[in-house]
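A closer look at the structure
Residue-level listing of the chains:
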Amino acid sequence: MALEDLAFRLNDYEDAEGTTFDALVTEDGILEVVCSNNDEFPIHITETQTQILSVTPLFNTSEVAAGKADELNEAFLRLSPAVPLSAIGLQGDTYILFGAMALSTRFEVIAHELEVQAENAIDVLEAVEHLLA
Amino acid sequence: MGVLRDMFTALKGGANEVGEAIVDANAIRILEQEIRDAENAIASAKQSLTRMKSTEIKLKRELSTLNADIGDYERKAVAALEGGEEGLATEVAGRIAELESDREEKSSEQAALDVEIGKIHQMIKARERTIQKNKRDLDKVRTVQELQRATASVSKNFAATGSSAHRVSKALERVKAKQTDWQDRMQAGEWLEGKEAGDDLDAKLRAKGIGGSAGGGANDVLARLKARQGG
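Heads up: these notes are all about the structure in this document.

The secondary structure content of chain A amounts to three helices and six strands. Starting at the N terminus, the α and β elements of chain A follow one another as α-β-β-β-β-α-β-β-α. Relative to its full complement of 133 residues, chain A shows a buried share of 47%. Within chain A, contacts between residues at least 6 apart in sequence are counted, and of these 56% link residues at least 24 apart. As presented, chain A carries roughly 6100 Å² of accessible surface, and 50% of it is formed by carbon and sulfur atoms. Here chain A contributes 4 positively and 25 negatively charged side chains, and the mean placements of these two sets differ by 10 Å.

Here it is in C-alpha coordinates:
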(Lines give C-alpha, C1' and ligand atoms only; values in the text may rest on other atoms or scores of the structure.)
Protein backbone atom coordinates (compact mmCIF):
# COMPACT_ATOMS: atom_id res chain seq x y z
CA MET A 1 0.00 0.00 0.00
CA ALA A 2 1.38 3.41 -0.93
CA LEU A 3 1.91 5.78 2.01
CA GLU A 4 -0.68 8.20 0.56
CA ASP A 5 -3.31 5.43 0.50
CA LEU A 6 -2.39 4.41 4.02
CA ALA A 7 -2.78 8.03 5.17
CA PHE A 8 -6.15 8.34 3.46
CA ARG A 9 -7.51 5.19 5.07
CA LEU A 10 -6.10 5.92 8.54
CA ASN A 11 -7.74 9.35 8.61
CA ASP A 12 -11.09 7.69 8.03
CA TYR A 13 -10.69 4.83 10.49
CA GLU A 14 -11.61 4.05 14.07
CA ASP A 15 -10.55 0.71 15.48
CA ALA A 16 -12.40 -1.56 17.89
CA GLU A 17 -10.88 0.21 20.90
CA GLY A 18 -12.03 3.60 19.67
CA THR A 19 -8.57 4.78 18.63
CA THR A 20 -8.51 7.25 15.75
CA PHE A 21 -5.60 8.44 13.63
CA ASP A 22 -4.39 11.71 12.16
CA ALA A 23 -2.12 10.90 9.26
CA LEU A 24 -0.22 13.14 6.92
CA VAL A 25 2.56 12.63 4.38
CA THR A 26 5.35 15.16 4.90
CA GLU A 27 7.38 16.88 2.19
CA ASP A 28 10.15 14.32 2.74
CA GLY A 29 7.74 11.53 1.89
CA ILE A 30 7.43 10.33 5.48
CA LEU A 31 3.97 9.42 6.76
CA GLU A 32 3.42 11.03 10.15
CA VAL A 33 0.68 9.42 12.24
CA VAL A 34 -0.74 10.68 15.51
CA CYS A 35 -2.77 8.01 17.33
CA SER A 36 -5.52 9.30 19.62
CA ASN A 37 -4.24 7.10 22.47
CA ASN A 38 -0.90 8.94 22.45
CA ASP A 39 -0.90 12.29 20.67
CA GLU A 40 2.42 13.43 22.17
CA PHE A 41 4.70 10.96 20.39
CA PRO A 42 3.80 10.66 16.71
CA ILE A 43 4.80 7.63 14.66
CA HIS A 44 6.79 8.16 11.48
CA ILE A 45 6.26 5.62 8.75
CA THR A 46 8.39 4.85 5.73
CA GLU A 47 8.75 1.93 3.34
CA THR A 48 11.59 -0.10 1.87
CA GLN A 49 11.16 -2.54 -1.01
CA THR A 50 10.06 -5.22 1.41
CA GLN A 51 8.91 -3.60 4.64
CA ILE A 52 6.84 -0.93 6.28
CA LEU A 53 8.91 0.71 9.03
CA SER A 54 7.23 2.59 11.87
CA VAL A 55 9.38 4.81 14.08
CA THR A 56 8.50 6.64 17.28
CA PRO A 57 11.34 8.96 18.21
CA LEU A 58 11.43 9.01 22.01
CA PHE A 59 14.08 11.47 23.15
CA ASN A 60 17.54 12.80 22.50
CA THR A 61 20.65 11.52 24.25
CA SER A 62 21.00 15.07 25.62
CA GLU A 63 17.75 14.54 27.54
CA VAL A 64 19.22 11.67 29.58
CA ALA A 65 20.02 12.64 33.18
CA ALA A 66 23.73 13.19 33.80
CA GLY A 67 25.55 9.93 34.48
CA LYS A 68 22.46 7.80 33.79
CA ALA A 69 23.21 6.76 30.20
CA ASP A 70 24.51 3.28 31.08
CA GLU A 71 21.61 2.61 33.41
CA LEU A 72 19.19 3.75 30.71
CA ASN A 73 20.77 1.56 28.04
CA GLU A 74 20.63 -1.47 30.32
CA ALA A 75 17.01 -0.66 31.18
CA PHE A 76 16.19 -0.59 27.46
CA LEU A 77 17.96 -3.89 26.83
CA ARG A 78 15.93 -5.44 29.65
CA LEU A 79 12.67 -3.84 28.53
CA SER A 80 13.04 -4.81 24.89
CA PRO A 81 11.85 -8.44 25.25
CA ALA A 82 8.72 -7.14 27.02
CA VAL A 83 7.67 -5.30 23.88
CA PRO A 84 8.60 -7.92 21.28
CA LEU A 85 6.82 -6.24 18.38
CA SER A 86 8.41 -2.86 19.01
CA ALA A 87 12.18 -2.70 19.15
CA ILE A 88 14.11 0.00 20.98
CA GLY A 89 17.08 1.51 19.23
CA LEU A 90 19.46 4.39 18.97
CA GLN A 91 19.37 6.29 15.70
CA GLY A 92 22.09 8.89 15.65
CA ASP A 93 21.53 10.59 19.00
CA THR A 94 17.81 9.86 19.11
CA TYR A 95 16.35 6.94 21.04
CA ILE A 96 13.59 5.36 18.98
CA LEU A 97 10.90 2.74 19.31
CA PHE A 98 10.33 1.03 16.00
CA GLY A 99 8.53 -1.80 14.32
CA ALA A 100 8.58 -3.47 10.92
CA MET A 101 5.78 -5.08 8.96
CA ALA A 102 5.65 -6.84 5.61
CA LEU A 103 4.50 -4.62 2.75
CA SER A 104 1.61 -7.02 2.24
CA THR A 105 0.22 -6.45 5.77
CA ARG A 106 -3.56 -5.90 5.85
CA PHE A 107 -4.73 -2.38 6.66
CA GLU A 108 -6.57 -3.36 9.87
CA VAL A 109 -3.42 -5.09 11.12
CA ILE A 110 -1.28 -2.03 10.33
CA ALA A 111 -3.73 0.20 12.23
CA HIS A 112 -3.66 -2.18 15.20
CA GLU A 113 0.14 -2.34 15.21
CA LEU A 114 0.33 1.46 15.18
CA GLU A 115 -2.06 1.67 18.12
CA VAL A 116 0.03 -0.85 20.04
CA GLN A 117 3.24 1.00 19.21
CA ALA A 118 1.72 4.28 20.40
CA GLU A 119 0.80 2.61 23.67
CA ASN A 120 4.17 0.86 24.00
CA ALA A 121 5.85 4.27 23.63
CA ILE A 122 4.01 5.52 26.73
CA ASP A 123 4.80 2.35 28.69
CA VAL A 124 8.47 2.41 27.77
CA LEU A 125 8.83 6.12 28.56
CA GLU A 126 7.11 5.70 31.91
CA ALA A 127 9.56 2.93 32.76
CA VAL A 128 12.62 5.11 32.14
CA GLU A 129 11.19 8.54 32.98
CA HIS A 130 13.23 8.66 36.21
CA LEU A 131 16.45 8.44 34.19
CA LEU A 132 15.67 11.51 32.08
CA ALA A 133 16.61 15.08 32.80
CA MET B 1 30.22 -10.27 3.84
CA GLY B 2 29.38 -8.63 7.13
CA VAL B 3 27.39 -5.61 6.01
CA LEU B 4 26.16 -5.21 9.59
CA ARG B 5 29.74 -4.89 10.84
CA ASP B 6 30.45 -2.21 8.24
CA MET B 7 27.29 -0.35 9.20
CA PHE B 8 28.10 -0.55 12.90
CA THR B 9 31.54 0.92 12.29
CA ALA B 10 30.07 3.75 10.21
CA LEU B 11 27.26 4.47 12.66
CA LYS B 12 29.61 4.50 15.63
CA GLY B 13 31.84 6.81 13.64
CA GLY B 14 29.00 9.30 13.54
CA ALA B 15 27.35 8.73 10.16
CA ASN B 16 24.04 9.81 11.60
CA GLU B 17 22.79 12.43 9.23
CA VAL B 18 20.51 11.50 6.39
CA GLY B 19 22.46 11.14 3.19
CA GLU B 20 25.68 10.28 4.97
CA ALA B 21 27.00 6.93 3.86
CA ILE B 22 26.28 4.29 6.46
CA VAL B 23 28.22 1.85 4.33
CA ASP B 24 30.74 2.61 1.66
CA ALA B 25 28.85 3.51 -1.53
CA ASN B 26 31.20 1.11 -3.30
CA ALA B 27 30.06 -1.73 -1.08
CA ILE B 28 26.47 -1.16 -2.18
CA ARG B 29 27.52 -1.03 -5.82
CA ILE B 30 29.44 -4.28 -5.39
CA LEU B 31 26.43 -5.98 -3.78
CA GLU B 32 24.18 -4.80 -6.60
CA GLN B 33 26.73 -5.79 -9.26
CA GLU B 34 27.05 -9.27 -7.73
CA ILE B 35 23.28 -9.65 -7.85
CA ARG B 36 23.22 -8.67 -11.53
CA ASP B 37 26.18 -10.97 -12.33
CA ALA B 38 24.54 -13.88 -10.54
CA GLU B 39 21.25 -13.25 -12.30
CA ASN B 40 22.99 -13.19 -15.69
CA ALA B 41 24.91 -16.36 -14.85
CA ILE B 42 21.68 -18.09 -13.88
CA ALA B 43 19.98 -16.97 -17.09
CA SER B 44 22.79 -18.37 -19.29
CA ALA B 45 23.00 -21.53 -17.17
CA LYS B 46 19.29 -22.06 -17.78
CA GLN B 47 19.89 -21.72 -21.52
CA SER B 48 22.67 -24.35 -21.36
CA LEU B 49 20.36 -26.59 -19.37
CA THR B 50 17.73 -26.35 -22.09
CA ARG B 51 20.30 -27.30 -24.74
CA MET B 52 21.58 -30.20 -22.62
CA LYS B 53 18.08 -31.38 -21.96
CA SER B 54 17.41 -31.66 -25.70
CA THR B 55 20.68 -33.61 -26.14
CA GLU B 56 19.67 -35.86 -23.26
CA ILE B 57 16.28 -36.56 -24.82
CA LYS B 58 17.93 -37.38 -28.15
CA LEU B 59 20.41 -39.75 -26.44
CA LYS B 60 17.66 -41.53 -24.56
CA ARG B 61 15.70 -42.03 -27.77
CA GLU B 62 18.78 -43.41 -29.56
CA LEU B 63 19.54 -45.73 -26.63
CA SER B 64 16.06 -47.16 -26.60
CA THR B 65 16.22 -47.71 -30.38
CA LEU B 66 19.60 -49.47 -29.94
CA ASN B 67 18.20 -51.67 -27.16
CA ALA B 68 15.25 -52.63 -29.34
CA ASP B 69 17.55 -53.39 -32.31
CA ILE B 70 19.90 -55.48 -30.18
CA GLY B 71 16.94 -57.48 -28.81
CA ASP B 72 15.63 -57.96 -32.31
CA TYR B 73 18.98 -59.21 -33.69
CA GLU B 74 19.49 -61.48 -30.67
CA ARG B 75 16.18 -63.19 -31.41
CA LYS B 76 17.17 -63.49 -35.09
CA ALA B 77 20.59 -64.96 -34.19
CA VAL B 78 18.93 -67.59 -31.98
CA ALA B 79 16.50 -68.43 -34.81
CA ALA B 80 19.43 -68.77 -37.27
CA LEU B 81 21.27 -71.09 -34.84
CA GLU B 82 18.15 -73.18 -34.38
CA GLY B 83 17.85 -73.41 -38.18
CA GLY B 84 21.43 -74.64 -38.38
CA GLU B 85 22.55 -71.44 -40.18
CA GLU B 86 25.82 -71.04 -38.28
CA GLY B 87 27.32 -68.60 -40.83
CA LEU B 88 24.28 -66.30 -40.77
CA ALA B 89 24.21 -66.42 -36.97
CA THR B 90 27.88 -65.32 -36.85
CA GLU B 91 27.12 -62.40 -39.16
CA VAL B 92 24.20 -61.31 -36.92
CA ALA B 93 26.42 -61.67 -33.84
CA GLY B 94 28.92 -59.33 -35.48
CA ARG B 95 26.14 -56.79 -36.03
CA ILE B 96 25.03 -57.12 -32.39
CA ALA B 97 28.60 -56.47 -31.22
CA GLU B 98 28.67 -53.27 -33.31
CA LEU B 99 25.36 -52.11 -31.87
CA GLU B 100 26.53 -52.90 -28.33
CA SER B 101 29.67 -50.83 -28.68
CA ASP B 102 27.55 -48.02 -30.08
CA ARG B 103 25.27 -48.36 -27.04
CA GLU B 104 28.18 -48.23 -24.64
CA GLU B 105 29.45 -45.05 -26.26
CA LYS B 106 26.05 -43.38 -26.01
CA SER B 107 25.58 -44.55 -22.40
CA SER B 108 28.85 -43.02 -21.28
CA GLU B 109 27.92 -39.85 -23.18
CA GLN B 110 24.65 -39.75 -21.26
CA ALA B 111 26.41 -40.32 -17.93
CA ALA B 112 28.79 -37.44 -18.66
CA LEU B 113 25.84 -35.25 -19.58
CA ASP B 114 24.07 -36.11 -16.29
CA VAL B 115 27.17 -35.04 -14.37
CA GLU B 116 27.25 -31.73 -16.28
CA ILE B 117 23.55 -31.09 -15.64
CA GLY B 118 24.05 -31.82 -11.94
CA LYS B 119 26.94 -29.31 -11.81
CA ILE B 120 24.84 -26.61 -13.47
CA HIS B 121 22.03 -27.16 -10.98
CA GLN B 122 24.56 -26.80 -8.16
CA MET B 123 25.91 -23.63 -9.74
CA ILE B 124 22.40 -22.15 -10.06
CA LYS B 125 21.72 -22.88 -6.39
CA ALA B 126 25.00 -21.25 -5.34
CA ARG B 127 24.23 -18.14 -7.42
CA GLU B 128 20.72 -18.07 -6.01
CA ARG B 129 22.21 -18.05 -2.51
CA THR B 130 24.46 -15.12 -3.45
CA ILE B 131 21.46 -13.21 -4.77
CA GLN B 132 19.36 -13.82 -1.66
CA LYS B 133 22.22 -13.02 0.73
CA ASN B 134 23.05 -9.80 -1.12
CA LYS B 135 19.41 -8.77 -1.28
CA ARG B 136 19.07 -9.28 2.47
CA ASP B 137 22.22 -7.24 3.04
CA LEU B 138 20.95 -4.44 0.81
CA ASP B 139 17.67 -4.54 2.66
CA LYS B 140 19.51 -4.07 5.96
CA VAL B 141 21.29 -1.02 4.57
CA ARG B 142 18.07 0.42 3.15
CA THR B 143 16.22 -0.24 6.40
CA VAL B 144 18.77 1.75 8.39
CA GLN B 145 18.69 4.52 5.77
CA GLU B 146 14.90 4.69 5.94
CA LEU B 147 14.94 4.64 9.75
CA GLN B 148 17.35 7.56 9.65
CA ARG B 149 15.04 9.47 7.34
CA ALA B 150 12.01 8.79 9.52
CA THR B 151 13.85 9.73 12.70
CA ALA B 152 15.47 12.83 11.25
CA SER B 153 12.23 14.68 10.61
CA VAL B 154 11.26 14.45 14.29
CA SER B 155 14.72 15.01 15.71
CA LYS B 156 14.50 18.45 14.14
CA ASN B 157 11.29 18.96 16.11
CA PHE B 158 13.04 18.04 19.36
CA ALA B 159 15.58 20.71 18.56
CA ALA B 160 12.85 23.19 17.66
CA THR B 161 11.06 22.74 20.99
CA GLY B 162 14.41 23.41 22.58
CA SER B 163 14.54 20.00 24.28
CA SER B 164 13.23 21.83 27.31
CA ALA B 165 13.80 20.32 30.73
CA HIS B 166 11.45 17.43 31.54
CA ARG B 167 10.03 17.50 28.01
CA VAL B 168 9.25 13.76 28.17
CA SER B 169 7.76 13.93 31.67
CA LYS B 170 5.54 16.83 30.68
CA ALA B 171 4.40 15.04 27.55
CA LEU B 172 3.66 11.89 29.55
CA GLU B 173 1.67 13.93 32.06
CA ARG B 174 -0.42 15.43 29.26
CA VAL B 175 -1.06 12.01 27.71
CA LYS B 176 -2.06 10.53 31.04
CA ALA B 177 -4.28 13.51 31.87
CA LYS B 178 -6.06 12.99 28.57
CA GLN B 179 -6.48 9.28 29.25
CA THR B 180 -7.89 9.95 32.72
CA ASP B 181 -10.18 12.57 31.26
CA TRP B 182 -11.35 10.09 28.67
CA GLN B 183 -12.00 7.43 31.33
CA ASP B 184 -13.92 9.96 33.44
CA ARG B 185 -16.03 10.84 30.46
CA MET B 186 -16.66 7.15 29.76
CA GLN B 187 -17.82 6.65 33.35
CA ALA B 188 -19.93 9.81 33.19
CA GLY B 189 -21.43 8.52 29.98
CA GLU B 190 -22.35 5.19 31.55
CA TRP B 191 -23.84 6.95 34.55
CA LEU B 192 -25.85 9.21 32.29
CA GLU B 193 -27.09 6.30 30.21
CA GLY B 194 -28.18 4.50 33.36
CA LYS B 195 -29.98 7.60 34.58
CA GLU B 196 -31.74 8.12 31.27
CA ALA B 197 -32.87 4.52 31.29
CA GLY B 198 -34.53 5.18 34.67
CA ASP B 199 -32.24 2.91 36.66
CA ASP B 200 -31.70 5.59 39.20
CA LEU B 201 -35.38 6.31 39.87
CA ASP B 202 -36.35 2.61 39.95
CA ALA B 203 -33.56 1.95 42.37
CA LYS B 204 -34.75 4.76 44.62
CA LEU B 205 -38.33 3.49 44.50
CA ARG B 206 -37.25 -0.05 45.26
CA ALA B 207 -35.24 1.22 48.19
CA LYS B 208 -38.43 2.70 49.63
CA GLY B 209 -40.34 -0.59 49.10
CA ILE B 210 -42.34 0.87 46.23
CA GLY B 211 -42.76 -0.95 42.93
CA GLY B 212 -42.51 -4.60 43.88
CA SER B 213 -40.60 -6.19 46.72
CA ALA B 214 -37.33 -7.79 45.87
CA GLY B 215 -37.52 -11.58 45.40
CA GLY B 216 -41.32 -11.51 45.76
CA GLY B 217 -41.98 -11.84 42.04
CA ALA B 218 -43.18 -15.46 41.98
CA ASN B 219 -45.32 -15.04 45.12
CA ASP B 220 -46.96 -11.96 43.66
CA VAL B 221 -47.82 -13.79 40.46
CA LEU B 222 -49.20 -16.79 42.35
CA ALA B 223 -51.34 -14.54 44.57
CA ARG B 224 -52.66 -12.76 41.50
CA LEU B 225 -53.55 -16.05 39.79
CA LYS B 226 -55.28 -17.40 42.93
CA ALA B 227 -57.26 -14.17 43.22
CA ARG B 228 -58.38 -14.54 39.58
CA GLN B 229 -59.38 -18.17 40.19
CA GLY B 230 -61.38 -17.25 43.30
CA GLY B 231 -63.17 -14.37 41.55
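Picking up after the structure, the text goes on.
Here we come to the interface of chain B and chain A. In this complex, chain B contributes 29 residues to the contact, which on the side of chain A involves 35 residues. Here chain B and chain A share four salt bridges between them. Taking the shortest distance from any N to any O, the salt bridge between E126 of chain A and K176 of chain B comes out at 3.2 Å. Looking at the side of chain B that touches chain A, the elements with two or more residues in it are α3 (86-160) and α4 (167-196) of chain B.

On to the packing of helix α1 (residues 3-11) of chain A against helix α3 (residues 107-128) of chain A. All names here are of chain A. Here α1 crosses α3 at 75°, and the two axes come no closer than 11 Å. By the criterion of interaxial angle, the relationship of α1 to α3 is roughly perpendicular. On the side of α1, the interface is formed by L6, R9 and L10, while α3 contributes F107, E108, I110, A111 and L114.

Moving on: the pairing of strand β6 (residues 94-102) of chain A. Residues and elements named next belong to chain A. Sheet analysis places strand β4 (residues 51-60) next to β6, joined by nine bridges and oriented antiparallel. Counted as the bridge partner of F59 is Y95 from β6. One ladder, built from five bridges, connects strand β5 (residues 87-91) with β6; its direction is antiparallel. Across the sheet, residue I88 finds its bridge partner in β6, namely L97.

Let's shift gears to the layout of surface pockets. As a volume, the largest pocket reaches approximately 620 Å³. The wall of the largest pocket is formed by 20 residues, among which L90 and Q91 of chain A together with L11, V144 and L147 of chain B lie closest to the centre. Of all the elements in the fold, those that place two or more residues in the lining of the largest pocket are β4, β5 and β6 of chain A together with α1 (3-12) and α3 of chain B. Tallying contributions element by element places α1 of chain B first for the lining of the largest pocket, with five residues. Classifying every residue of the lining of the largest pocket gives 12 nonpolar, six polar and two charged. Estimates place the volume of the second largest pocket at around 400 Å³. Around the second largest pocket sit 16 residues that line it, and S36 and N37 of chain A together with K178, Q179 and W182 of chain B are the ones nearest its centre.

This brings us to the pattern of salt bridges. Residue and element names in this part refer to chain B. Under the criterion given, the structure shown has 18 salt bridges over all chains. A salt bridge links E146 to R149, with the shortest nitrogen-to-oxygen separation between them at 3.3 Å. Residue E146 and its partner R149 are located together in helix α3, separated by three residues, close to a single helical turn. The exposure class of E146 is buried, given its relative accessible area of 15%. Judged by relative accessible area, R149 falls into the partly exposed class, the value being 25%. One salt-bridge network, in which partners are shared between bridges, spans E62, D102 and K106.

Taking 1.5 Å of rise per residue, 58 residues should cover 86 Å, and helix α2 (residues 25-82) of chain B covers 84 Å from first to last C-alpha, within 8% of that figure. Of the residues flanking the end of α2 of chain B, it is G84 of chain B, one or two places downstream, whose phi is positive at about 75°.

It is worth spelling out the side chain of D139 of chain B at this point. Positionally, D139 of chain B belongs in helix α3. Buried and without a salt bridge, D139 of chain B has R142 of chain B as its closest oppositely charged side chain, separated by 5.2 Å. One polar contact links D139 of chain B to T50 of chain A, side chain to side chain, over a distance of 2.6 Å.

Residues and elements named next belong to chain A. Across the sheet, six strands lie side by side as β1-β2-β3-β4-β6-β5; this open sheet has antiparallel pairing. Of all strands in the sheet, those bounded by a partner on one side alone are β1 (21-25) and β5. Geometrically, the sheet is characterised by an average inter-axis angle of 30° between neighbouring strands, direction not taken into account. Relative to strand β3 (residues 38-47), strand β2 (residues 31-35) runs antiparallel, the two sharing four bridges. Bridge pairing links L31 to I45 in β3. The sheet strands contacting α3 are β1, β2, β3, β4, β5 and β6, and the helix crosses β4 at an angle near 20°.

Parameters at a glance
Along every chain, residues carry numbers that run from 1 in the direction the sequence is written. Throughout, the order in which chains and ligands are written sets their labels, letters from A for the former and numbers from 1 for the latter. The model is predicted, so local features are restricted to residues of pLDDT at least 70 and side-chain atom pairs to those at 80 or more, both for listing and for counting; the totals for chains, interfaces and linings are taken over all residues. To obtain the side-chain values, all non-hydrogen atoms of the structure were used and water was disregarded. Secondary structure elements follow DSSP: runs of H or I no shorter than four residues count as helices, runs of E no shorter than two count as strands, and numbering proceeds from the N terminus. Remark: exposure states derive from per-residue accessible area (1.4 Å probe, protein chains only) relative to the maximum for the residue type, with buried under 20%, exposed over 50%, and partly exposed in between. Note on contacts: a residue pair qualifies if any of its non-hydrogen atoms lie within 4.5 Å across the two residues. For the accessible areas, the method is Shrake-Rupley and the probe is 1.4 Å, while residue cover comes only from the protein chains on display. As used throughout, the charge tally considers Lys and Arg to be positive and Asp and Glu to be negative, leaving His and the chain termini uncounted. Lysine's charge is taken at NZ, arginine's at CZ, aspartate's at CG and glutamate's at CD. A pairing counts as a salt bridge when a side-chain nitrogen of Lys or Arg comes within 4 Å of a carboxyl oxygen of Asp or Glu. Think of each axis as a best-fit line through the C-alpha atoms, taken over the contacting stretch in the case of a helix, with angles from 0 to 180 degrees between the N-to-C directions. By definition in this entry, angles of less than 35 degrees are roughly parallel, angles greater than 145 are roughly antiparallel, angles of 65 to 115 are roughly perpendicular, and the rest are oblique. Strand pairing is defined by DSSP finding a minimum of two bridges between the two strands. Points on a 1 Å grid, built from protein atoms alone, make a cavity when a 1.4 Å probe fits but cannot get out and make a pocket when they are open with protein on both sides within 12 Å along at least 5 of 7 lines; residues with an atom within 4 Å of a point are the lining residues. Grid points are joined across faces, edges and corners, and a volume is the space filled by probe spheres set on the points. Nonpolar residues are Ala, Val, Leu, Ile, Met, Phe, Trp, Tyr, Cys and Pro. Charged residues are Asp, Glu, Lys and Arg, and all others, Gly as well, are polar. The length a helix should cover is 1.5 Å for every residue beyond the first. Under this definition, polar contacts are N or O atom pairs within 3.5 Å; protein pairs additionally need one hydrogen-donor-capable and one acceptor-capable atom, and for neighbouring residues in sequence, both atoms have to be side-chain atoms.

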